[in-house]
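Topology and contacts: notes
So the chains spell out like this:
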Amino acid sequence: MEAKRGDNVATFSVVRDILLEGDCVTVAVKGQSMLPFFRSGTTVTIRPIREDDFKKYSVVFADTGGHFVIHRIISVEESCVTLLGDGNVYGTETMTKDKVYGAIDCSKIHLLFAKLWLWMRPLRRYPLAILRRIFPQ
């Protein structure tokens, strides 16, 4: 999820620095890019990234080269990852692994539903339209 551009860079630069020091950070996410799993205002704890977090379906905190996001990994290559917000149908971000600073631990049931949700990608614009009306920013 992303905050307003000005707030995003200032606030999440501090979050990045805390993660790089090895500490966890709890933040309230802003926006709808991770619907239906994280609504705007949901509190998540981000912990420092580990090598085993670089796998499909993991939720990570990353710098996309202009702003920070909390999005899901949809593909992993040797030196880079591609992310997509659960509330997005299009608009992936690809970056090198060194731009991924943290991860959000998700339950097994969350990951199971995330796999189904990613599989539904071509059709999910319809439930997302309803969810955006139910859960406005």
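How each quantity is defined
- Residues numbered from 1 in each chain as written.
- Predicted model: local features only at pLDDT ≥ 70, side-chain atom pairs only at ≥ 80, totals over all residues.
- Heavy atoms only, no water.
- Helix = DSSP H or I, 4+ residues; strand = E, 2+ residues; numbered from the N terminus.
- Rg over C-alpha atoms; globule rule 2.2 N^0.38 Å.
- Buried < 20%, exposed > 50% of the residue type's maximum accessible area, 1.4 Å probe, protein only.
- Contact = heavy atoms within 4.5 Å.
- Areas by Shrake-Rupley, 256 points an atom, 1.4 Å probe, with all protein chains shown as cover.
- Lys, Arg positive; Asp, Glu negative; His and termini not counted.
- Charge placed at Lys NZ, Arg CZ, Asp CG, Glu CD.
- Expected span 1.5 Å × (residues − 1).
- Arc of directions from axis to C-beta.
- Core = buried A, V, L, I, M, F, W, Y, C linked by side-chain atoms within 4.5 Å.
- Pairing = 2+ DSSP bridges.
- Axes fitted to C-alpha atoms, helices over the stretch in contact; angles between N-to-C directions.

Along the chain, the regular secondary structure elements total three helices and seven strands. Listing the helices and strands of the chain from first to last along the sequence gives α-β-β-β-β-β-β-β-α-α. In terms of overall dimensions, the chain is globule-like: its C-alpha atoms have a radius of gyration of 14 Å, near the 14 Å expected for 137 residues. Viewed in the frame of its principal axes, the chain has a C-alpha envelope of about 40 × 30 × 25 Å. Taking all 137 residues of the chain together, the buried fraction comes to 45%. Partitioning the intrachain contacts of the chain with sequence separation of at least 6 by distance along the chain shows that 58% fall at a separation of at least 24. Surface exposure of the chain reaches about 7400 Å², of which carbon and sulfur atoms provide 57%. On the chain, the mean spot of the 19 positive side-chain charges and the mean spot of the 15 negative ones are 10 Å from each other.

For helix α2 (residues 108–119), built from 12 residues, the straight-helix expectation of 16 Å at 1.5 Å per residue is met to within 8% by its first-to-last C-alpha distance of 17 Å. Among the residues of α2, those classed as buried are H110, A114, W117 and L118. Seen along its axis, α2 keeps its buried residues to an arc of 95 degrees; they face one direction. With respect to the buried face of α2, the exposed residues turned more than 90 degrees away are K108, I109, L112 and W119.

This part takes up the nonpolar core. If you look at the biggest cluster of nonpolar residues, it comprises 16 residues, and the most contacted ones within it are V15, V27, V44, I46, F61 and I70. Beyond its immediate stretch of four places on either side in the chain, F61 contacts F12, V15, R16, L19, I46, F68, V69, I70, K99, V100, Y101 and G102. Counting 10 residues, the second-largest nonpolar core is a separate cluster that includes F54, A62, L83 and V100.

Take the sheet that holds strand β3 (residues 59–63) next. To summarise the sheet geometry, strands pair through backbone hydrogen bonds and adopt either a parallel or an antiparallel arrangement. The seven strands are arranged β1-β2-β7-β3-β4-β5-β6 in an open sheet whose pairing can be described as antiparallel. Where the open sheet ends on each side, the last strands, each with one partner, are β1 (25–28) and β6 (93–96). The average undirected angle you get between the axes of adjacent strands in this sheet is 45 degrees. Taken together, the two bridges between strand β2 (residues 43–48) and strand β7 (residues 100–104) define a ladder with antiparallel strand orientation. The partner of R47 across the bridge, within β7, is A103. Against the sheet, α2 contacts β3, β4 (68–76) and β5 (80–84), and its axis sits at roughly 75 degrees relative to β4.

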